[in-house]
Amino acid sequence: MKKKVLMVQGLHPEGVKLLAARADVEPVALMSDDEAQIVAAARDAEAITVRSARITRGVIEAARKLKVVGRHGVGYDAVDVAALTARGIPLAISIHANMVPVAEHVMFMLLTLYKEAAYYDALTRNADWGSRWNVKANDLAGKALLVVGFGRTGSRVAKRALAFEMQVRVCDPYIDQALIRGAGCAPVADFREALPEMDAVSVNCPLSGETRHMFSRAELAAMKPGAVIVNCARGGIVDEAALVEALTAGRLRGGGLDVFEREPSPADNPLFRLKNVIVSPHIAGVTIESTIRMSTQTAQNVLDGLDGRLDPAVVVNKEVLQPKIAL
């Protein structure tokens, strides 16, 4: 009997092709994020791939044959990892798929804010060439950027910022600080102490109890007047209410957000009324190229999970990979 791989919300054709190439695998698409429908479809599934739908404890308990879950991306807030771990089921993420486009998106937002793109675009569309001499744009070169988190994405943000001749500081207490120096950046032990000297901040760390609202009123007030902050990591790391206050008061030059505390963010979000904010709907890592990469890595992850040869680097709950000792 073929092993059923349930593709919740579907998968790019390239990923489906990879699954279908296996004679012992049957890829089945479920184009829904409804929990009841997922539960019903998952009962005989040995693997699940998922985009943004919630894979709850109920889904996991119903899927009695389940051996692996593959996340189409790197975030896993919507997956009940504890429930998977309790059953010894690995959660695999596509770690190599979207780090480059997210880093590019950070630079896009920094450039948009510092070059006052919205302002000059409006002038040009209104044939108001005279107002162009009301100069607002700034160089990125020479500006001090603080990168918070030096993982797969943060390290690539730093590399691109250095190419723009920015002065890059990095705060990440969880890695060897020599790696930061080796990348041409200066390590910072306490990001809060560095804020008064930074022209820009890029948030590139995961959301956790430690990082939730790590940028709130006190931190935003400590930032250099006229600085900008960009968050393409996870909503909730930046306190949106505090950011609205700082931007409205003119303490900060601008903000760039790809992620929000509530997603989808409602249309009446006060941030959306501010001209010094650029936003996008949690798509920093989503490009045509990265979508293909995410689908193929997700597919390969579940195949490796079914074969019992998952790369530990892609597994969130690595404890399930420990060999069981017979008593």
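Look above for the structure.
Residues numbered from 1 in each chain as written. Predicted model: local features only at pLDDT ≥ 70, side-chain atom pairs only at ≥ 80, totals over all residues. Heavy atoms only, no water.

Participant: Just to check I follow, could you spell out the overall build of the protein chain for this structure?
Facilitator: The helix and strand inventory of the protein chain stands at 12 helices and 12 strands. For 327 residues, the compact-globule formula gives about 20 Å, and the C-alpha radius of gyration of the protein chain, at 22 Å, lands near that figure. In terms of overall dimensions, the protein chain has a C-alpha envelope of 70 × 45 × 30 Å along the principal axes. Across the protein chain, the fraction of contacts at a sequence separation of at least 24, relative to all contacts at a separation of at least 6, is 61%. Of the roughly 15,800 Å² of accessible surface on the protein chain, a fraction of 55% belongs to carbon and sulfur atoms. Between the mean site of the 39 positive side-chain charges and the mean site of the 37 negative ones, the protein chain shows a separation of 3 Å. (Helix = DSSP H or I, 4+ residues; strand = E, 2+ residues; numbered from the N terminus. Rg over C-alpha atoms; globule rule 2.2 N^0.38 Å. Contact = heavy atoms within 4.5 Å. Areas by Shrake-Rupley, 256 points an atom, 1.4 Å probe, with all protein chains shown as cover. Lys, Arg positive; Asp, Glu negative; His and termini not counted. Charge placed at Lys NZ, Arg CZ, Asp CG, Glu CD.)

Participant: Just to check I follow, could you spell out the side chain of Thr 153 for this structure?
Facilitator: In this structure, Thr 153 sits in helix α7 (residues 152-163). Apart from the residues within four sequence positions on either side, Thr 153 is in contact with Met 99, Val 102, Ala 103 and Asn 204.

Participant: Hey, could you run me through the pattern of salt bridges in this one?
Facilitator: In a structure, side chains of opposite charge can pair up when their charged atoms sit close to one another. The full count for this structure, using the stated rule, is 15 salt bridges. Between Arg 192 and Glu 219 there is a salt bridge, with its nearest N and O atoms 2.9 Å apart. Of this pair, Arg 192 sits in helix α9 (residues 191-194) while Glu 219 sits in helix α10 (residues 217-222), and the two are 27 residues apart along the sequence. Assessed through its relative accessible area of 41%, Arg 192 is described here as partly exposed. Salt bridges sharing common partners tie together Lys 3, Arg 22, Asp 24, Asp 304, Asp 307 and Arg 309. (Salt bridge = Lys/Arg side-chain N within 4 Å of Asp/Glu carboxyl O. Buried < 20%, exposed > 50% of the residue type's maximum accessible area, 1.4 Å probe, protein only.)

Participant: In this structure, what is going on with the nonpolar core? I would like to understand it.
Facilitator: Looking at soluble globular proteins, one finds that nonpolar side chains tend to be buried together. Ranked by internal contacts, the top residues of the largest apolar core, which has 32 residues, are Leu 146, Val 201, Val 203, Phe 215, Leu 220, Ile 229 and Leu 243. Among the secondary structure elements, those contributing two or more residues to this core are β6 (144-148), α9, β9 (200-203) and α11 (240-248). The greatest single-element share of this core, amounting to 5 residues, is contributed by α11. Residues contacting Ile 229, with those up to four places away along its chain left out, are Val 201, Val 203, Phe 215, Leu 220, Met 223, Val 238, Leu 243, Gly 254, Gly 255 and Gly 256. Counting 26 residues, the second-largest nonpolar core is a separate cluster that includes Met 107, Leu 110, Val 168 and Ile 278. (Core = buried A, V, L, I, M, F, W, Y, C linked by side-chain atoms within 4.5 Å.)

Participant: I'm lost on the side chain of Asn 301 in this one. Help?
Facilitator: Residue placement: Asn 301 occurs in helix α12 (residues 288-307). Asn 301 sits in the buried class, given a relative accessible area of 5%.

Participant: How do you make sense of helix α2 (residues 35-42) when you look at a structure like this?
Facilitator: Residues spaced three or four apart along an α-helix face the same direction, because each turn holds 3.6 residues. Restricting attention to buried positions, one finds in α2 the residues Ile 38, Val 39, Ala 41 and Ala 42. Where α2 is buried, its residues touch β1 (3-8), β2 (25-30), β3 (47-50) and α3 (57-62). Where α2 begins, the capping side chain belongs to Asp 34, and its oxygen is found 3.2 Å from the backbone nitrogen of Ala 36. (Polar contact = N/O pair within 3.5 Å; in protein donor to acceptor, adjacent residues only side chain to side chain.)

Participant: Can you help me understand the sheet that holds β3 in this one?
Facilitator: Paired through backbone hydrogen bonds, the strands of a sheet run either parallel or antiparallel to each other. Strand order in this open sheet of 5 strands is β2-β1-β3-β4-β5, and the pairing throughout is parallel. Each of the sheet's edge strands pairs with one partner strand only, and the pair in question is β2 and β5 (91-93). Here the strands of the sheet are splayed against their neighbours by 20° on average, with no regard to which way each runs. The pairing of β1 with β3 spans 4 bridges and is parallel. Bridging from a neighbouring strand, Val 5 pairs with Ala 47 of β3. The sheet strands contacting α2 are β1, β2 and β3, and the helix crosses β1 at an angle near 165°. Together, β1, β2, β3, β4 (68-71) and β5 form the strand contacts of α12, whose direction differs from that of β4 by roughly 165°. (Pairing = 2+ DSSP bridges. Axes fitted to C-alpha atoms, helices over the stretch in contact; angles between N-to-C directions.)

Participant: Would you take a moment to explain unusual backbone geometry for this structure?
Facilitator: Working note: non-glycine residues mostly have negative phi, and peptide bonds are mostly trans. Look at the link from Glu 263 to Pro 264: it is a cis peptide, with omega at -5°. Among the secondary structure elements, Pro 264 is positioned in the loop between β11 (254-257) and β12 (277-279). Its identity is not glycine, yet Gln 9 carries a phi of approximately 70°, on the positive side. In this structure, Ala 127 is a non-glycine residue whose phi angle is positive, near 55°.

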